[in-house]
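What the coordinates show
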Amino acid sequence: MAEIIVITSGKGGVGKTTITANIGTALAAMDKKVILIDGDTGLRNLDVLMGLENRIVFNLVDVVEGKCELEQALIKDKRYEKLFLLPTAQTRDKEDIKTEQMLGLIDELRDQCDYMLIDCPAGIEQGFENSVVGADKAIIVVNPEITSIRDADRVIGKLKKKAFSDIKLVVNRIDYEMVKNGDMLDVEDIISNLEIKLLGVVESDKRITISTNRGEPIVLNEDAEVGQAFKEIAMRIAGIEVPFRSFEGNNNVFIDKLKKLFSVK
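To start, this report covers the structure provided alongside it. Just so you know, these numbers come straight off a predicted model, no measurement behind them. (Residues numbered from 1 in each chain as written. Predicted model: local features only at pLDDT ≥ 70, side-chain atom pairs only at ≥ 80, totals over all residues. Heavy atoms only, no water.)

1. Here's the deal with the pattern of salt bridges
Quick reminder of the rule: Any carboxyl oxygen of Asp or Glu that lies within 4 Å of a side-chain nitrogen of Lys or Arg is treated as forming a salt bridge with it. Note on classification: 1.4 Å probe, protein chains only; a residue is buried when its accessible area is under 20% of the maximum for its type, exposed when over 50%, partly exposed between these limits. Under the DSSP-based scheme used, a helix requires at least four consecutive residues in state H or I and a strand at least two consecutive residues in state E, with every element numbered from the N terminus.
Per the stated rule, a full pass over the model turns up 16 salt bridges. Between K67 and E65 there is a salt bridge; the shortest N-O distance is 3.2 Å. Its relative accessible area of 53% is what places K67 among the exposed residues. A relative accessible area of 32% means that E65 is categorised as partly exposed. With a shortest N-O distance of 3.8 Å, E232 and R236 are connected by a salt bridge. Of this pair, E232 and R236 both sit in helix α11 (residues 227-237), separated by 4 residues, roughly a single helical turn. Salt bridges linked by common partners bring E3, K137, D166 and K168 together as one network.

Dropping the structure here:
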């Protein structure tokens, strides 16, 4: 029985798709069978980050409309035999998929893998509803920016209303030098305001952008230290205890703003 995890946020552009691609690849490297689902119909990008865009014949919308079998739409990764991608349509709208159709598709895949990661589109509309409908757990991705955290707080509220009990946090693109100088929020401040458990922290690194443009998840690059952050997240998902990096910054300016936004006393 698969562990089904939706990877979401409030704000767009925080790096959900990069997180999905790298965690999925890291889990596959641990010999887990993983299916990645692109939930962002109309704006798909997961196939590009995985370097699989040229292999797409059928997609998620084709499956729910009965134009092909589910197995025909699943694309096997070039590097790992147990890693698969279910792409969505690039020329359709999120409203073209109903939540009950998405739930049926996920239920059909539930017994075929160890982990299913769903890359959720930004916002809280139909694409969000489709992405969370069959998930058991959620990962919230935030950047250390006040707007990102504020939007994430709203998404967490919606997930809790849907009875999600396992919601964890990934802080993406943190710059520890900026944190030290008091120019960026510290991880502890983010956790304190969102009140969910930390799953991982990924530093800002230009090599992630380079790997993204090449369609090669950064976890495949043994020389890139930042890839270790994604591997550690995957290990924690698999139930392996991995210590977190400890860092303290100087964020008095941001703490005051956060208190106003979240009414923290």
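2. Description of helix α5 (residues 99-109)
Under the convention used in this document: To be clear, the arc concerns the directions from the helix axis to the C-beta atoms.
Turning to α5, its buried residues are M102, L105, I106 and L109. Angular distribution of buried residues about the axis of α5 spans 95 degrees; they occupy a single face of the element.

3. Notes on the packing of aromatic side chains
Note the cut-off: Think of it this way: a Phe, Tyr or Trp ring, Trp meaning its six-membered ring, pairs with another when their centres are within 6.5 Å, and the plane angle makes it stacked under 30 degrees, edge-to-face over 60, tilted otherwise. Distance and angle both matter: a charge sits over a ring if NZ of Lys or CZ of Arg is within 6 Å of the ring centre and within 35 degrees of the ring normal.
Under the counting rule described, the total for this entry stands at 0 aromatic pairs. A cation sits over an aromatic face here: R236 above F244, 3.8 Å from the ring centre.

4. Some details on the pairing of strand β7 (residues 167-174)
For the record, the criterion: Note: two strands are recorded as paired if DSSP finds a minimum of 2 bridges between them. Look down the strands so they point away from you; if going from the first strand over the helix to the second traces a clockwise path, that crossover is right-handed.
Burial analysis of β7 places 6 of its 8 residues in the buried class, which makes it a mostly covered element. Note: strand β6 (residues 137-142) against β7, 5 bridges, orientation parallel. Note on β7: the bridge partner recorded for I140 is L169. Chirality of the crossover, the property in question, places the unit of β6, helix α7 (residues 146-161) and β7 among those that are right-handed. With 6 bridges connecting them, β7 and strand β8 (residues 197-203) associate as parallel partners. Across the sheet, the residue bridging to I174 is E203, located in β8.

5. A word on the side chain of T17
Rule in force here: Distance and chemistry together define a polar contact, namely a pair of N or O atoms within 3.5 Å, with one atom able to donate a hydrogen and the other to accept it when in protein, and with adjacent residues in sequence counting only for side-chain atoms on both sides.
Within the secondary structure layout, T17 lies in helix α1 (residues 16-29). T17 sits in the buried class, given a relative accessible area of 19%. Side-chain polar atoms of T17 contact the side chain of D119, separated by 2.7 Å.

Such coordinate-based values are descriptive only and should not be taken to indicate function.
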